[in-house]
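Chain residues, written in single-letter form:
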Amino acid sequence: MKLERAGGADAIALRVAEVRRRMAEAEARAGRRPGQVSLCAACKARTLEEIRFSAGLHIDLFGENRMQEMRNNLEAGAYLGKPCHFIGHLQTNKVRQVVGRAAMIQSVGSLRLLEAIDREAGRQGILQDVLLEINLGGEESKAGADESELMPLMDAAAALPNLRVRGLMAIPPPESDEREARRHFARLRGLMESVSGWAGEKAPLDTLSMGMSGDFEAAILEGATLVRVGRGIYGERP
């Protein structure tokens, strides 16, 4: 097993244990029950050996940014049967290769993409779970819908029979202190609360995906149910 690039198997195991410890502390600070937050290992550009080893640790699911890497890792069985979510920017012409493979597509920020996912899911005869991605900072360099587009997207999703909106996702602007980071995460939680119960089983809204290696504790304090950690598990990318 070649894990030298990540500092070795012991280093990955120690990082996962440390992330879990910090997650548990944040849950306790927030008055939440232990284990309410899922750990998604963001494994972009990691080797099959790194991913396969980490899948045997206390990781709940994996997140892939690139369609080809997700397909290769699935075919190799690198996730050891654990779910994989697609968390990167998804072009409509790549939808066919992601729908049905990803347990959830977290990065849906446009009506065009919603419709493309629905068509492909219908072709495959499946119900595809998705999250609506919100661009909290209004940054041109980042994907996601504007906050004002949330309700129109929810309305559109309600009319599409082959997908189910499970919640929201965001990558807010990086902040230097916890208070500012929490402000962004609180906004996303507020948005989900504003549409909670709106469409019943069609949109159960049970997933709030926010927080990464540098700010996942702040996200947990503001209600995250899923955090996406890459560097905190695997170390710096090559």
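In this text the structure is predicted, and so the values were computed from the model without any measurement.

Draft legend 1. Broad picture of the overall build of the chain. Broken down by element type, the chain carries nine helices and eight strands. The C-alpha radius of gyration computed for the chain amounts to 17 Å, which stays within 12% of the reference 18 Å derived for 238 residues, consistent with globular compactness. When the backbone C-alpha atoms are referred to their principal axes, the chain occupies close to 50 × 40 × 35 Å. The burial tally for the chain puts 47% of its 238 residues in the buried class. Once local pairs closer than 6 in sequence are excluded, the contacts in the chain between residues at least 24 apart make up 61%. As displayed, the chain offers around 10900 Å² of accessible surface, 48% of which is attributable to carbon and sulfur atoms.

Draft legend 2. Broad picture of the pattern of salt bridges. Summed over the entire model, instances satisfying the criterion amount to 18 salt bridges. For aspartate 60, the salt bridge goes to arginine 20, with nearest N and O atoms at 2.7 Å. Taken together, the residues aspartate 60 in the loop between helix 2 (48-55) and strand 2 (61-64) and arginine 20 in helix 1 (residues 9-29) connect sequence positions 40 residues apart. By relative accessible area, which is 30% here, aspartate 60 ends up partly exposed. The salt bridge involving arginine 187 is made with glutamate 147; its shortest N-O contact spans 2.0 Å. With arginine 187 in helix 7 (residues 178-195) and glutamate 147 in the loop between strand 5 (128-133) and helix 6 (150-158), the pair connects residues that are 40 residues apart, well separated along the chain. Connected through salt bridges with shared partners, the residues Arg29, Glu178, Arg182, Arg189, Glu193 and Glu222 form a single ionic network.

Draft legend 3. The arrangement of the side chain of arginine 32 in detail. One can find arginine 32 in the loop between helix 1 and strand 1 (38-42). Within the buried core, arginine 32 has no salt-bridge partner, and the shortest N-O distance to an opposite charge, that of glutamate 27, equals 5.8 Å. A distance of 3.3 Å separates a polar atom in the side chain of arginine 32 from a polar atom in the side chain of glutamine 36. With sequence-adjacent residues up to four places away left out, arginine 32 is seen in contact with Glu27, Val37, Ile220, Gly223, Ala224 and Thr225.

Draft legend 4. Up close: helix 6. Among the residues of helix 6, those classed as buried are Leu150, Leu153, Met154, Ala156 and Ala157. Down the axis of helix 6, the buried side of the element spans an arc of 160 degrees, and every buried residue falls inside it. Where helix 6 is buried, its residues meet helix 5 (111-124), strand 5, strand 6 (163-169) and helix 7.

Draft legend 5. Inspection of the environment of asparagine 65 at higher detail. Positionally, asparagine 65 belongs in the loop between strand 2 and helix 3 (67-75). In sequence terms asparagine 65 and arginine 22 are 43 residues apart; their C-alpha atoms lie 25 Å from each other. The residues contacting asparagine 65, other than those within four sequence positions of it, are Lys44, Phe86, Ile87 and Gly88.

Draft legend 6. Helix 1, seen in detail. In this model helix 1 runs 31 Å from its N-terminal to its C-terminal C-alpha over 21 residues, within 8% of the 30 Å that 1.5 Å per residue would give. Three or more residues of helix 1 are buried, namely Ala11, Ile12, Val16, Val19, Arg20, Met23, Ala26 and Glu27. Looking at the buried residues of helix 1, the elements they touch are strand 1, helix 2, helix 8 (216-221), strand 8 (226-229) and helix 9 (231-234). Remark: glycine 31 follows helix 1 within two positions and exhibits a positive phi of approximately 70 degrees.

Draft legend 7. Structural view of the packing of helix 1 against helix 2. Contact geometry of helix 1 with helix 2 gives a least axis separation of 10 Å together with a crossing angle of 45 degrees. In terms of orientation, helix 1 lies oblique with respect to helix 2. Crossing angle aside, the handedness with which helix 1 passes helix 2 is right-handed. Side by side, helix 1 and helix 2 meet where Ala9, Ile12 and Ala13 of the first sit next to Glu50, Phe53 and Ser54 of the second. Partitioning the contact of helix 1 with helix 2 into residue classes produces four nonpolar, one polar and one charged.

Draft legend 8. Molecular detail of the pairing of strand 4 (residues 104-108). In terms of residue burial, strand 4 counts as a mostly covered element, since five of its five residues are buried. The pairing of strand 3 (residues 84-86) with strand 4 spans two bridges and is parallel. Bridge pairing links histidine 85 to methionine 104 in strand 4. Taken together, strand 4, helix 5 and strand 5 form a β-α-β motif whose crossover is right-handed.

Cut-offs and rules
- Chains are numbered independently. Their residues run from 1 in the order of the written sequence.
- It should be noted that, the model being predicted, local features are given only for residues of pLDDT at least 70 and side-chain atom pairs only at 80 or more, the latter also being counted only at that level, while totals for whole chains, interfaces and linings use all residues.
- The basis for every side-chain value is the complete set of non-hydrogen atoms in the structure, without hydrogens or water.
- Numbering of helices and strands runs from the N terminus; a helix is a DSSP stretch of H or I covering at least four residues, while a strand is a stretch of E covering at least two.
- Radius of gyration here uses only the C-alpha atoms, and the compact-globule reference equals 2.2 Å multiplied by the residue count raised to the power 0.38.
- Accessibility here uses a 1.4 Å probe with only protein chains present; expressed as a share of the type maximum, an area under 20% marks a residue as buried, one over 50% as exposed, and anything in between as partly exposed.
- By definition in these notes, contact holds between two residues if any of their heavy atoms fall within 4.5 Å.
- In short, Shrake-Rupley with a 1.4 Å probe defines the accessible areas, and a residue's cover is counted only from the protein chains shown.
- Take a side-chain nitrogen of Lys or Arg and a carboxyl oxygen of Asp or Glu: if they are within 4 Å of each other, that pair is a salt bridge.
- Residues scored as charged are limited to Lys and Arg (positive) and Asp and Glu (negative), so that His and the chain ends carry no count.
- Polar contact criterion, stated in full: a pair of N or O atoms within 3.5 Å, where within protein one must be able to donate a hydrogen and the other to accept it, and residues adjacent in sequence count only if both atoms are side-chain atoms.
- Working definition: the arc comes from the directions between the helix axis and the C-beta atoms, pointing outward to the latter.
- To estimate how far a helix should reach, multiply one less than its number of residues by 1.5 Å.
- Fitted lines through C-alpha atoms serve as axes, helices being fitted only where they are in contact, and the angles separating the N-to-C directions of these axes extend from 0 to 180 degrees.
- Comment on the angle field: the value is read as roughly parallel under 35 degrees, roughly antiparallel over 145, roughly perpendicular from 65 to 115, and oblique elsewhere.
- Note on convention: the crossing is left-handed when the near helix lies turned anticlockwise from the far helix by less than a right angle, right-handed when the turn is clockwise.
- Note on residue classes: Ala, Val, Leu, Ile, Met, Phe, Trp, Tyr, Cys and Pro are nonpolar, Asp, Glu, Lys and Arg are charged, and everything else, Gly too, is polar.
- In this analysis, strands are considered paired if DSSP registers two or more bridges between them.
- Convention used here: a crossover is right-handed provided that the path from the first strand, over the helix, to the second strand proceeds clockwise when the strands point away from the viewer.

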